[in-house]
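Here are the chains, one letter per residue:
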There are 2 protein chains.
Amino acid sequence: MIYRFPEKIQDNQKSLIRDIAERGSRIPGFISFALGNPAAESIPVEILQECAREVFEEDPMKVLQYGPLAGEAEISSWIRQRLIATKGCPENNHQVMMLTGSGKALGLVPRTLCEEGDEAFCDEFTFPNGFNSMKNVGAIPVGIPMDENGMIPEELEKQAKRGKGKYVYLIPNFQNPTGLTMPIERRKEIYEVARRYDLIIYEDDPYGEIRFCGDSVPTIKSFDDDGRVIYVGSFSKTLSAGLRVGFLYASNELIRKISVVKGADGQDPIYNQKIILKALGKMDYEEHLKTISAIYGRKCRIMADGLMEYCSSKCHILIPEGGMFIWVVIPESEDINAVSDAAIAAGVGVVKSEAFAVDPSRPGHAFRLNFSASKDEDIQRGCRIFGQITREFFD
Amino acid sequence: MIYRFPEKIQDNQKSLIRDIAERGSRIPGFISFALGNPAAESIPVEILQECAREVFEEDPMKVLQYGPLAGEAEISSWIRQRLIATKGCPENNHQVMMLTGSGKALGLVPRTLCEEGDEAFCDEFTFPNGFNSMKNVGAIPVGIPMDENGMIPEELEKQAKRGKGKYVYLIPNFQNPTGLTMPIERRKEIYEVARRYDLIIYEDDPYGEIRFCGDSVPTIKSFDDDGRVIYVGSFSKTLSAGLRVGFLYASNELIRKISVVKGADGQDPIYNQKIILKALGKMDYEEHLKTISAIYGRKCRIMADGLMEYCSSKCHILIPEGGMFIWVVIPESEDINAVSDAAIAAGVGVVKSEAFAVDPSRPGHAFRLNFSASKDEDIQRGCRIFGQITREFFD
């Protein structure tokens, strides 16, 4: 069969993260800092297990039959109230849409907002699904240069001026992969550019609840007078990634448009949402967030200490205020591929910035290191190995 | 905010089925034949409950942490073997892709195969998500006239000749909404047209396991020498709709392309797949299918008897060999809206063919009646009410 598939479907992409996993699986004692899994010790296993059992027992048909297309109303209402109370989200003309994992919004948003040839903007280094989902609808992802405060508004404006942009994808808290948090002034500047060029802002906040130092920064949604911000949140990092319960919060108009696309995909599992809802009712969620943030903070500290002790002084180590990633920038003159290969061969997997680069011709000179998924002693040992490699190469 | 949304996103569609539910909710004792829910008594509640508990207990982290992007490998393998053994599906160069409900493929397929302005073909009356998902990617759904054997190959060819078509959406077994089953000769003719014009065939088979009379017809996938058929199946009608476990089976090439789109949407819940897998291990699935098919057959018989006893002889009643719908064609001279309104006012909800019409200007003259979701006595009473309405109008 010789079938002409659309060019937008690019199935020749290699996954650097999968490549690390494959190479690592052949190395005894391999330590991977490559994944983005939540810390296992932060998952309230017993409560969730109890909730899964109770939800099923209380009303099996609610679990087993088709449920409401819009998702479980009670958890939507819980989320809505919390967003208004703790994130300053607007109350009027706004709704929650439940998602099978917040990542589902990465597909839904460009499917709803973009036509072929439209442009969409994101950080020059960001979560790959953020820009791959743009490509998959035939839109053109445009990576915007960043500084230590995240996306640079003037650079966004330069690109937005063409008038082809539909939305801006941002992770303002503990960005993936850089760990950077965008200060309030920068958030407002980006919002102003979006207003001027009539762009929607996709505010992705999967890590926002995991803050272990510094003060929280108001969400972009909190000063969204125009209703142009889609705020996307998740229980994946705070309760369970595997149950796949996330949500978005947006104006009624945006929800109505996104629902057209989502509705044709059919229903989501209600069971999973009900398990999370019941767990929220059994626990003090705000206390739980403090507990797990402390776990992440401790792991981050262990990694930061290890890197600062062992790495070459030519490494620039970005220590985040939350989330699960440390970003290590290396000198531009160095061969990042050689460093990466040497680290893997020595038994530690770190992800090259190339894996997150919107523009493959600008792969960057940095590594993303995850500190949440490894045991404390593995973090220490991995940092020593990686640090030694950097000193061998750079010093 | 004045934001220019793409024209393809049509949020002005009314849902006739939701309208019936709303009007019915104000009528005491209202009987709805409007939904497509599986028969509650066919769901193995205790087994699934036990499996949900055991899966969680055996390995909570498999439930709660991120799992494989491709889904649970063991259930894929189980499905693959069954498709090869019982559906004659090709073995080589083919794979299973797990889906959170088979309906997810309705979005994935046009996203993978179509660009804006492409055409896609389907029965003139079909499951609305089948053609809405085409519209949502900017493709043009073209409804193909049907006869008592389903889609007419010559009519498909007329449209395919333009050379703009990418795929054909079909429900060959107990079609929704007509209940029609496409005979083997017709399947082969449609396949030949697809081959001639290089179209993919989307063979949607959510009802195929629920056959209560007649002999099963080979799947189109079983004679797919070219690897151009995407076979889509589900556990929604046989084990549980609410858990949302479905799958597709296609050539490695197609799976690779669809995976590009699906991968950027993020992970699916593995828990739900593991519950179904465990249930399959605890039961004799083939025996279970016989048992539930008998339940559906009995309910179909009750409805068919009721309609034949009470309806005007001017109604043409299509009794299916499986699935969950009876299609009642009324005279073209009659005002279908008045009949529908009178039926609802009298306490019974039936869905006008308009709800399933690809072309709104050709809304048809028929009703879809579901027999699986109502209790036996409600089926009898509802048929009497509906039958009387038809006699008042037509006789």
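Look above for the structure.
Keep in mind the model is a prediction, meaning the values are calculated, not measured. (Residues numbered from 1 in each chain as written. Chains lettered and ligands numbered in written order. Predicted model: local features only at pLDDT ≥ 70, side-chain atom pairs only at ≥ 80, totals over all residues. Heavy atoms only, no water.)

(A) Geometry of the overall build of chain A. A count of helices and strands for chain A gives 13 helices and 15 strands. A compact globule built from 395 residues should have a C-alpha radius of gyration of about 21 Å, and chain A, at 21 Å, falls within 12% of that. Taking the principal axes of the C-alpha coordinates as reference, chain A spans close to 60 × 55 × 55 Å. Scored against the burial criterion, the 395 residues of chain A give a buried share of 63%. A separation threshold of at least 6 residues defines the contact pool for chain A, and within that pool the share at least 24 residues apart is 77%. If you sum the accessible surface of chain A, you get close to 14600 Å²; carbon and sulfur atoms cover 48% of it. For chain A, the distance from the average position of its 47 positive side-chain charges to the average position of its 57 negative side-chain charges is 3 Å. (Helix = DSSP H or I, 4+ residues; strand = E, 2+ residues; numbered from the N terminus. Rg over C-alpha atoms; globule rule 2.2 N^0.38 Å. Buried < 20%, exposed > 50% of the residue type's maximum accessible area, 1.4 Å probe, protein only. Contact = heavy atoms within 4.5 Å. Areas by Shrake-Rupley, 256 points an atom, 1.4 Å probe, with all protein chains shown as cover. Lys, Arg positive; Asp, Glu negative; His and termini not counted. Charge placed at Lys NZ, Arg CZ, Asp CG, Glu CD.)

(B) Focus on the interface of chain B and chain A. Chain B puts 77 residues into the contact, and the matching count from chain A is 76 residues. Around 6900 Å² of area is buried between chain B and chain A when both sides are counted, 54% of it from carbon and sulfur atoms. Residues Arg 256 of chain A and Asp 11 of chain B are paired through a salt bridge, measuring 3.1 Å at the closest nitrogen-oxygen approach. Contributing elements (two or more residues each) for the side of chain B that touches chain A: α2 (45-58), α3 (60-64), α5 (104-113), α6 (128-136), β7 (165-170), α9 (252-264) and α10 (270-282) of chain B. (Buried area = accessible area lost by both parts, 1.4 Å probe. Salt bridge = Lys/Arg side-chain N within 4 Å of Asp/Glu carboxyl O.)

(C) Focus on the sheet that holds strand β10 (residues 246-251) of chain A. Residues and elements named next belong to chain A. Overall, mixed pairing links the seven strands, which are arranged β2-β10-β9-β8-β7-β3-β4 in an open sheet. Edge strands, defined here as strands with exactly one partner in the open sheet, are β2 (94-99) and β4 (140-144). For this sheet, the mean inter-axis angle between neighbouring strands, taken without regard to orientation, is 20°. Taken together, the four bridges between strand β8 (residues 200-204) and strand β9 (residues 229-234) define a ladder with parallel strand orientation. Bridged to Tyr 202 within β9 is Ile 230. (Pairing = 2+ DSSP bridges. Axes fitted to C-alpha atoms, helices over the stretch in contact; angles between N-to-C directions.)

(D) Here's a closer look at the packing of helix α4 (residues 73-86) of chain A against helix α10 (residues 270-282) of chain A. All names here are of chain A. Viewed as axis vectors pointing N to C, α4 and α10 meet at an angle of 50°, and their least axial separation amounts to 9 Å. Overall, the two elements α4 and α10 adopt an arrangement that is oblique. Helix-helix and strand crossings are classified by hand; for α4 and α10 the assignment is left-handed. Counting all contacts with α4, which are made through Glu 74, Ile 75 and Trp 78, the residues of α10 involved are Gln 273, Ile 276, Leu 277 and Leu 280. By residue class, the composition of the contact of α4 with α10 is five nonpolar, one polar and one charged. (Parallel < 35°, antiparallel > 145°, perpendicular 65-115°, else oblique. Left-handed = near helix turned anticlockwise from the far one by under 90°. Nonpolar A, V, L, I, M, F, W, Y, C, P; charged D, E, K, R; others polar.)

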